[in-house]
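Below are the chains, spelled out letter by letter.
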Amino acid sequence: MSADEIIIKGGKPLEGRIEVRGAKNLVTKAMVATLLGKTPSVLRNVPNISDVRVVAGLLALHGVLITKGEDADEWHFDPSNVEVAHKADIDAHAGSSRIPILFCGPLLHRLGEAFIPDLGGCRIGDRPIDFHLDALREFGAVVEKLPSGISLTAPNGLKGANIELPYPSVGATEQVLLTAVLAEGQTELRNAAIEPEIIDLICILQKMGAIISMEPNRVIFIEGVEELRGYEHKAIFDRNEAASWAAAALASKGDIFVGGVRQEEMMTFLNAYRKVGGDFSVHDDGMRFWHPGGALKPVSIETDVHPGFMTDWQQPLIVALTQAEGVSTIHETVYEDRFGFTDALNTMGANIVVHPQGLHDSTRRVKRREFEQAAVITGPTPLTAADVVVPDLRGGFSHLIAAMIADGESKVSNIGIIARGYENFIEKLRLVGADFVFEG
């Protein structure tokens, strides 16, 4: 869909029901975990997104047999014939994803070697992989940087280690978990990420036979075992997609029921949503989000690691904040370049000023970081249609929301990026009554 575009006529409230499946940030890692098992695994609630297809292709290159169950969202993985893949094939399949870095630990255990091509993913900052490589070295991996990528070997096997992350990185925490479960001895991980997707991955690994203890203060202990079996698991829902549709309902003065969502994992977002002026209700099969009428209110938000406000939540919410009465501030402390998408919003009439070095604020709760940015949004500002090009996954969905509330017809191009993390989003736009033409 990289060459596809969508023509959207704005000004119509979004109303209807959509379903959210498993989280992109869990499902792709759960798929990698199948490499660790001696027996087949079954993963349910798998979304139909391009990142899942990329990981499936990489697993197939390494000899994993993948089949579908009776339901389209049930996938079966048989890792009994894992083998070394050709570097060129890995590079060809992984160009649009950063997931290959997480193959390292499992492949080092299974094959004694691994290869990482130049990594892709959304251009929202430097996102160095040093945390990953440093952790793998602690386990005993030998890392060699090549012109085509990074080669890793484990001539003496992998052994437990004491690791303290300089930042509670989700990816680095996943790397340690996927490596430590079969490493000889005990691993202590300090300053670990504790996102719900991390907890769900730990549950999967425990089902496989791993011994993992969650301790206070972001400490995780992993006792290495000799072998793991396959698992059966239903993936946690995608919090990022749920928040995006909630923001779309608020910005468009609409009413959207998001099936498959749970309140517990959304609490921090829900607090901000209510402060802005949105409303929600909790049901057994999902949550309803709507604009209750009246003026939206400005807020000040600081993104942070869980249980803070997720960086992926701020982009779609900013579109709604352009319609709030007053000045809102978003302090972005996770990525150093995540406000590029606001250029298009300003073209459409928004008043958003980005401060590349961030802003000092005596009321801040999140520790200031040297690479952070801030966005100041002054509203309300009516948006008018424009032609925009999607820059990244969450920013792209934010552009869709902006187009749906703008006056006139907007053309949104490069929408294939959105398909990386939003399942069947074209059909879901139809389900909530958006007025558009998809040119694919």
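Note that the coordinates shown come from a computational prediction; the quantities given were computed from them, not determined experimentally.

Participant: I'd like a description of the domain arrangement of the protein, backed by residues and values.
Facilitator: Taken domain by domain, the protein comprises domain 1 (5-20 + 237-439) and domain 2 (24-234). The distance between the C-alpha centroids of domain 1 and domain 2 comes to 30 Å. Across the contact, 24 residues belong to domain 1 and 23 residues belong to domain 2. Buried area between domain 1 and domain 2, both sides added, is near 2000 Å², and the carbon and sulfur share of it is 49%. Among the residues of domain 1 in contact with domain 2, Val305, His306 and Arg420 are the three that bury the most area, contributing 33% of the side total. Here domain 1 and domain 2 share two salt bridges between them. The closest approach of N and O atoms between Arg239 and Glu197, which form a salt bridge, is 2.9 Å. At the boundary of domain 1 and domain 2, one finds nine residue pairs in polar contact (both at pLDDT 80 or more). Of all the secondary-structure elements, those providing two or more residues to the side of domain 1 that touches domain 2 are α8 (239-251) and α12 (393-405).

Participant: I'd like to hear about the pattern of salt bridges, residue by residue, with values.
Facilitator: Oppositely charged side chains are able to pair whenever their charged atoms sit close together. If you walk through the whole model with that rule in mind, you get 23 salt bridges. A salt bridge links Arg394 to Asp312, with the shortest nitrogen-to-oxygen separation between them at 3.8 Å. One end of the pair, Arg394, is in helix α12; the other, Asp312, is in helix α10 (residues 311-321), and 82 residues separate them in sequence. Pair check on accessibility: Arg394 and Asp312 agree, each one buried. Glu427 serves as the salt-bridge partner of Arg430, at 3.7 Å between the closest nitrogen and oxygen. Linking Arg430 with Glu427, this pair stays in helix α13 (residues 425-431), spanning three residues, or about one helical turn.

Participant: If you had to explain helix α7 (residues 196-207) to someone new, which residues and values would you point to?
Facilitator: With 12 residues, α7 should cover 16 Å at 1.5 Å per step; its first-to-last C-alpha distance of 17 Å lies within 8% of that length. Three or more residues of α7 are buried, namely Pro196, Glu197, Ile198, Asp200, Leu201, Ile202, Ile204 and Leu205. Where the residues of α7 are buried, they touch α1 (24-33), α6 (170-180), β11 (211-215), β12 (219-223), β13 (232-234) and α8.

Participant: Describe in detail the pairing of strand β1 (residues 5-9), supporting the description with residues and values.
Facilitator: Burial within β1 is extensive, with four of its five residues counted as buried. Bridge count between β1 and strand β22 (residues 409-413): five bridges; the pairing is antiparallel. Paired with Ile8 across the strands is Ser410, a residue of β22.

Participant: Would you mind going over the sheet that holds strand β5 (residues 75-78) in detail, with residue names and values included?
Facilitator: Taken together, four strands build an open sheet; the order of strands is β4-β5-β3-β13 and the sheet is mixed. Looking along the sheet, the strands with just one partner apiece sit at the ends: β4 (65-68) and β13. Each strand axis lies, on average, 20° off the axis of its neighbour in the sheet, ignoring direction. Taken together, the four bridges between β4 and β5 define a ladder with antiparallel strand orientation. Bridged to Ile66 within β5 is Phe77.

Participant: Outline the side chain of Arg420, listing residues and values.
Facilitator: Its location among the elements puts Arg420 in the loop between β22 and α13. With a relative accessible area of 12%, Arg420 lands in the buried category. In terms of polar contacts, Arg420 uses its side chain to reach the side chain of Asp51, at 2.9 Å.

Participant: Please provide a residue-by-residue account of unusual backbone geometry, values included.
Facilitator: In most cases, non-glycine residues show a negative phi, while peptide bonds are predominantly trans. That bond from His306 to Pro307 is cis: its omega, 15°, falls within 30 degrees of zero. For the bond running from Gly379 to Pro380, omega is 0°, close enough to zero to count as cis. At Asn424, a residue that is not glycine, the phi angle is positive and equals roughly 45°. The partly exposed category is assigned to Asn424, whose relative accessible area is 38%.

Participant: Describe the sheet that holds strand β8 (residues 149-153), naming the residues involved and giving the relevant values.
Facilitator: In spatial order, the strands read β6-β8-β7; together these three strands make up an open sheet with antiparallel pairing. Sheet topology places β6 (113-117) and β7 (142-146) at the edges, where each strand pairs with a single neighbour. When strand polarity is set aside, the average angle formed by the axes of neighbouring strands in this sheet is 20°. In terms of strand pairing, β6 meets β8 through five bridges, oriented antiparallel. Looking at the pairing, Ile116 lines up with Ile150 of β8. Helix α4 (residues 104-111) contacts β6 and β8 of the sheet and is inclined by roughly 150° relative to β6. Across the sheet, helix α5 (residues 130-139) lies against β6, β7 and β8, angled at about 140° from β7, the strand it touches most.

Participant: For the packing of aromatic side chains, give the residues involved together with the corresponding values.
Facilitator: On inspection of all chains with the given rule, the structure shows eight aromatic pairs. Taking the centre distance of 4.4 Å and the plane angle of 15° together, the rings of Phe397 and Tyr422 count as stacked. Of this pair, Phe397 sits in helix α12 while Tyr422 sits in the loop between β22 and α13, placing them 25 residues apart in sequence. Assigned by exposure class, Phe397 and Tyr422 land together as buried. In this structure an aromatic cluster arises from ring pairing among Phe269, Tyr273, Phe289, Phe309 and Trp313. Of note, Arg288 hangs over the ring of Trp290, and the distance from its end group to the ring centre comes to 3.8 Å.

Conventions and cut-offs
Residue numbering note: each chain is counted from 1, following its sequence as written. The predicted origin of the model limits local features to residues at a pLDDT of at least 70 and limits the giving and counting of side-chain atom pairs to 80 or more, whereas totals for whole chains, interfaces and linings rest on all residues. To get the side-chain values, all heavy atoms of the structure are used, and hydrogens and water are removed first. The split of the chain into domains comes from an automatic or database domain assignment. Any two residues whose heavy atoms approach within 4.5 Å are treated as being in contact. For any pair of parts, buried area is found by adding up, for both, the accessible area (1.4 Å probe) each one loses once the two are put together. What makes a salt bridge here is a side-chain nitrogen of Lys or Arg within 4 Å of a carboxyl oxygen of Asp or Glu, nothing more. The term polar contact refers here to a pair of N or O atoms within 3.5 Å; inside protein, the definition further demands a hydrogen-donor-capable atom paired with an acceptor-capable atom, and it admits residues adjacent in sequence only when both atoms are side-chain atoms. Only runs of H or I of at least four residues qualify as helices and only runs of E of at least two qualify as strands under DSSP, and these elements are numbered from the N terminus. Partly exposed residues are those whose accessible area sits between 20% and 50% of the maximum for their type, while under 20% is buried and over 50% is exposed, using a 1.4 Å probe and protein chains only. Expected helix span is given by 1.5 Å per residue-to-residue step, counting one fewer step than there are residues. Strand pairing is assigned whenever DSSP detects at least two bridges linking the two strands. Note on geometry: axes are C-alpha line fits, over the in-contact stretch for helices, and angles between N-to-C directions span 0 to 180 degrees. Note on aromatic contacts: the rings of Phe and Tyr and the six-membered ring of Trp form a pair at centre separations within 6.5 Å, being stacked when their planes are under 30 degrees apart, edge-to-face when over 60 apart, and tilted otherwise. We call a charge positioned above a ring when the Lys NZ or Arg CZ atom is no farther than 6 Å from the ring centre and deviates by at most 35 degrees from the ring normal.

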